[in-house]
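Analysis of the macromolecular model
Here is what each chain is made of, one letter per residue.
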Amino acid sequence: MNTKILLGTAAILLTASTTSFAADVVMEAPPAPPVAVEAPATFSWAGAYVGAEGGYGWGDGDVDGFGSGDFDGGRLGGFVGYNFDVGSNVILGVEGNLDYDWNSDSVAGADFETGLNGGIRGRVGYAVDRALLFAAGGWTATDAKLDTGAGEDSKMMNGWTIGGGVDYAFTDNMFGRVEYRYNDYGDKDIGGTNVDFTQHVVNVGLGVKF
């Protein structure tokens, strides 16, 4: 009888011990490794780009001996450039443009107009994620034509340009632009008449970044 009691007690103790050990194994199982989360890629303005632009120009011309006039009209063209990221959100770059202005006016019987124009500018900007605030300045030139009634002539007028604007990236490769430029083409003797021409321009553009 005593032997049966001892055997029963030993079986109970063994079962309890096994159950406790199994519980300890479950409780002490190592936690699952954390899932690695990839950090989102930071947008960069560095690299080459190309785009198309259109807008409006307000021109002021002074034709010697005839007077002054407003030479306003629409414009259409394109631009190409390259940006360098120099750190601390500062972007440096160089850009060229080629546009055509539809503007003409008559001053006391003299017809003056400008058409094909272009320029090369240095740029400095500050990037705020996908927005790039920039200023730009450099050289510009335009083809000018003057008809005084006594004769017609055309010359290339050279000057300087300065302005600024904002580029905004809609995707990693496509961006929009709004900018202002002031163009001073200086003065030029065209067909024996001195002409002075300046222009205010507002452009809206769409570009592709590579």
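About the cut-offs
- Residues numbered from 1 in each chain as written.
- Predicted model: local features only at pLDDT ≥ 70, side-chain atom pairs only at ≥ 80, totals over all residues.
- Heavy atoms only, no water.
- Salt bridge = Lys/Arg side-chain N within 4 Å of Asp/Glu carboxyl O.
- Helix = DSSP H or I, 4+ residues; strand = E, 2+ residues; numbered from the N terminus.
- Buried < 20%, exposed > 50% of the residue type's maximum accessible area, 1.4 Å probe, protein only.
- Pairing = 2+ DSSP bridges.
- Axes fitted to C-alpha atoms, helices over the stretch in contact; angles between N-to-C directions.
- Contact = heavy atoms within 4.5 Å.
- Polar contact = N/O pair within 3.5 Å; in protein donor to acceptor, adjacent residues only side chain to side chain.
- Patch = residues over 30% accessible without salt bridge, like charges linked within 9 Å, V, L, I, M, F, W, Y side chains within 5 Å.
- Areas by Shrake-Rupley, 256 points an atom, 1.4 Å probe, with all protein chains shown as cover.
- Phe/Tyr/Trp six-rings, centres within 6.5 Å; stacked < 30°, edge-to-face > 60°.
- Lys NZ or Arg CZ within 6 Å of the ring centre and 35° of its normal.
- Lys, Arg positive; Asp, Glu negative; His and termini not counted.
- Charge placed at Lys NZ, Arg CZ, Asp CG, Glu CD.
- Core = buried A, V, L, I, M, F, W, Y, C linked by side-chain atoms within 4.5 Å.

1. What to know about the pattern of salt bridges
Tallying each qualifying case throughout the model produces 12 salt bridges. For glutamate 95, the salt bridge identified is with arginine 123, shortest N-O distance 3.8 Å. Linking glutamate 95 in strand 3 (residues 90–107) with arginine 123 in strand 4 (residues 110–128), this pair joins segments that are 28 residues apart in sequence. Look at glutamate 95 and you get buried, because its relative accessible area is 2%. Exposure remark for arginine 123: the relative accessible area of 6% places this residue in the buried category. A salt bridge links aspartate 172 to arginine 130, with the nearest nitrogen and oxygen atoms 2.8 Å apart. Note that aspartate 172 is positioned in the loop between strand 6 (152–169) and strand 7 (174–190) and arginine 130 in the loop between strand 4 and strand 5 (131–147), a separation of 42 residues in sequence. Three or more residues are tied together by salt bridges with common partners; here these are Glu53, Arg75, Asp99, Asp101, Glu179 and Arg181.

2. A look at the sheet that holds strand 5
Ordered in space as 1-2-3-4-5-6-7-8, the 8 strands form a closed barrel in which the pairing is antiparallel. Looking at each pair of strands side by side, their axes are set apart by 20 degrees on average, direction ignored.

3. Some words on the environment of glycine 78
Looking at where glycine 78 falls in the secondary structure, it is placed in strand 2 (residues 67–87). Dropping the residues within four chain positions of it, glycine 78 is found in contact with Gly51, Ala52, Glu53, Gly96, Asn97, Leu98 and Asp99.

4. Remarks on the pairing of strand 4
Pairing between strand 3 and strand 4: 16 bridges, direction antiparallel. In the sheet register, asparagine 97 faces strand 4, and the bridge partner there is glycine 119. In this antiparallel pair of consecutive strands, strand 3 and strand 4, the connection spans 2 residues, and alanine 108 shows a positive phi of 50 degrees. The pairing of strand 4 with strand 5 spans 16 bridges and is classified as antiparallel.

5. Description of the environment of aspartate 172
Residue classification places aspartate 172 among the partly exposed positions, given a relative accessible area of 46%. Each C-alpha atom of the pair aspartate 172 and tryptophan 45 lies 9.1 Å from the other, and the pair is 127 residues apart in sequence. Not counting residues up to four positions away in its chain, the partners in contact with aspartate 172 are Phe43, Arg130 and Lys209. Engagement of the side chain of aspartate 172 in a polar contact is seen with the side chain of arginine 130, the distance being 2.8 Å.

6. Examining a nonpolar patch on the surface
On the surface, Val50, Val80, Tyr168, Phe170, Met174, Leu206, Val208 and Phe210 cluster together to form a nonpolar patch covering roughly 760 Å² of accessible area. Residue placement: valine 80 occurs in strand 2.

7. Digging into the packing of aromatic side chains
The geometry of an aromatic ring pair is captured by two quantities: the separation of the ring centres and the angle between the planes. The full count for this structure, using the stated rule, is 14 aromatic pairs. Positioned over the ring face of phenylalanine 134 is arginine 123, at 4.4 Å from the centre of the ring.

8. What to know about a negative patch on the surface
A contiguous patch of negative charge on the surface is contributed by Asp111, Glu113, Asp143 and Glu152. Take aspartate 111: it is sitting in strand 4.

9. Brief notes about unusual backbone geometry
Unusually for a residue other than glycine, alanine 108 sits at a positive phi of about 50 degrees. Backbone geometry at aspartate 129 places phi at a positive 55 degrees, although glycine is not the residue there. Secondary-structure assignment places aspartate 129 in the loop between strand 4 and strand 5.

10. Observations concerning the nonpolar core
Val63, Phe71, Val107, Ala110, Phe112, Ala144, Leu146, Met157, Tyr185, Ile190, Val195 and Phe197 together form the largest nonpolar core, which totals 12 residues. At the level of elements, strand 4, strand 5, strand 7 and strand 8 (193–209) are the ones that each hand at least two residues to this core.

11. Observations regarding the environment of leucine 76
Within the secondary structure, leucine 76 is located in strand 2. The exposure class assigned to leucine 76 is exposed, which follows from its relative accessible area of 52%. Distance in space between the C-alpha atoms of leucine 76 and valine 204 is 9.7 Å, their sequence separation being 128 residues. In this structure leucine 76 touches Glu53, Gly54, Asp99, Tyr100 and Trp102, once residues within four positions along its chain are discounted.

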